[in-house]
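# Survey of secondary and tertiary structure
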Amino acid sequence: MSLPISDMTRLVPLAALALLAACSAESDTGQPASPAEAARSAANDGLLDCALDGAAEFERRCELERIETSDGKELVFRHPDGGFRRFSIVTDGRGLVTADGADEAAVSAAGDGLIIVEVNEDRYRLPATFRKPGVPGDATE
């Protein structure tokens, strides 16, 4: 989905829908049918595409952990070197926000049901469902 920035701000990226889903879509061959479905399948298996420390290419080498807290749902993206980033799932149009530290997350559409979450030099590619603001539904359905 290629959108001008002004249109992107009118959509609500709800990564939680895809990341918290219990099933993944496959084609008739048993293989994921699109990049978004491949990312969704990997997320269901606890894996995540990431490009760390300014890397140009994404690799499926980060781990995804889902946490229920008294304040809501969180996602932890664990790096192979032991580092991690923690995010809160929000339904106010931002999708994800950093749950700790001073660094803010930037979320952008990456096409074909994917978003990119950036924090400093680290980038993460996640499956997402886009919904126009004001449409009924909760990211934690």
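Scroll up a little and you will see the structure.
Note that the structure is a prediction, hence the values are computed from the model and not measured. (Residues numbered from 1 in each chain as written. Predicted model: local features only at pLDDT ≥ 70, side-chain atom pairs only at ≥ 80, totals over all residues. Heavy atoms only, no water.)

### Things to note about the state of the cysteines
All chains considered together, the criterion is met by 1 disulfide. The disulfide partner of cysteine 50 is cysteine 62, and the S-S distance across this bridge is 2.1 Å. With the S-S dihedral at roughly 90°, the linkage between cysteine 50 and cysteine 62 falls on the right-handed side. One end of the pair, cysteine 50, is in strand 2 (residues 47–51); the other, cysteine 62, is in strand 3 (residues 59–69), and 12 residues separate them in sequence. (Disulfide = S-S within 2.5 Å. Helix = DSSP H or I, 4+ residues; strand = E, 2+ residues; numbered from the N terminus.)

### Some details on the sheet that holds strand 4 (residues 72–78)
Within the open sheet, the 8 strands sit side by side as 6-5-4-3-2-9-8-7. Their pairing is antiparallel. Of all the strands in the sheet, the pair left with one neighbour each is strand 6 (96–98) and strand 7 (106–111). Across the sheet, the axes of successive neighbouring strands diverge by a mean angle of 35°, strand direction being ignored. Bridge count between strand 2 and strand 9 (residues 122–127): 3 bridges; the pairing is antiparallel. The partner of cysteine 50 across the bridge, within strand 9, is tyrosine 124. (Pairing = 2+ DSSP bridges. Axes fitted to C-alpha atoms, helices over the stretch in contact; angles between N-to-C directions.)

### Let's talk about the side chain of histidine 79
Looking at the element boundaries, histidine 79 is found in the loop between strand 4 and strand 5 (84–89). Within the structure, histidine 79 has its side chain in polar contact with the side chain of tyrosine 124 (distance 2.6 Å). The contact partners of histidine 79, leaving out residues within four places of it in the chain, are Leu52, Cys62, Phe84, Arg85, Asp122 and Tyr124. (Polar contact = N/O pair within 3.5 Å; in protein donor to acceptor, adjacent residues only side chain to side chain. Contact = heavy atoms within 4.5 Å.)

### Quick word on the side chain of glutamate 74
In this fold, glutamate 74 is placed in strand 4. Of note is the side chain of glutamate 74, whose polar atom sits 2.7 Å from the side chain of arginine 86.

### Observations concerning the pattern of salt bridges
When their charged atoms lie close together, side chains carrying opposite charge are able to pair. Under the defined criterion, the tally for this structure stands at 8 salt bridges. Of the charged contacts in the structure, one is a salt bridge between arginine 86 and glutamate 74, with a shortest N-O distance of 2.7 Å. Pair noted here: arginine 86 is in strand 5 and glutamate 74 is in strand 4, with a separation of 12 residues, a long-range link. By relative accessible area, arginine 86 is classed as partly exposed at 24%. Measuring nitrogen to oxygen at the nearest pair gives 3.7 Å for the salt bridge that ties aspartate 103 to arginine 85. Note that aspartate 103 is positioned in the loop between strand 6 and strand 7 and arginine 85 in strand 5, a separation of 18 residues in sequence. Residue classification places aspartate 103 among the partly exposed residues on the basis of a relative accessible area of 31%. Looking at arginine 85, the relative accessible area reads 19%, which means it is buried. Because the salt bridges share partners, they merge into one network encompassing Asp49, Arg60 and Arg125. (Salt bridge = Lys/Arg side-chain N within 4 Å of Asp/Glu carboxyl O. Buried < 20%, exposed > 50% of the residue type's maximum accessible area, 1.4 Å probe, protein only.)

### Quick look at the pairing of strand 7
Here strand 7 runs beside strand 8 (residues 114–119); their pairing, made up of 5 bridges, is antiparallel. By the bridge assignment, valine 107 is partnered in strand 8 with valine 117. In sequence, strand 7 turns back onto strand 8 through a hairpin of 2 residues, with aspartate 112 there showing a positive phi of about 50°.

Purely spatial values, then, with no claim about function.
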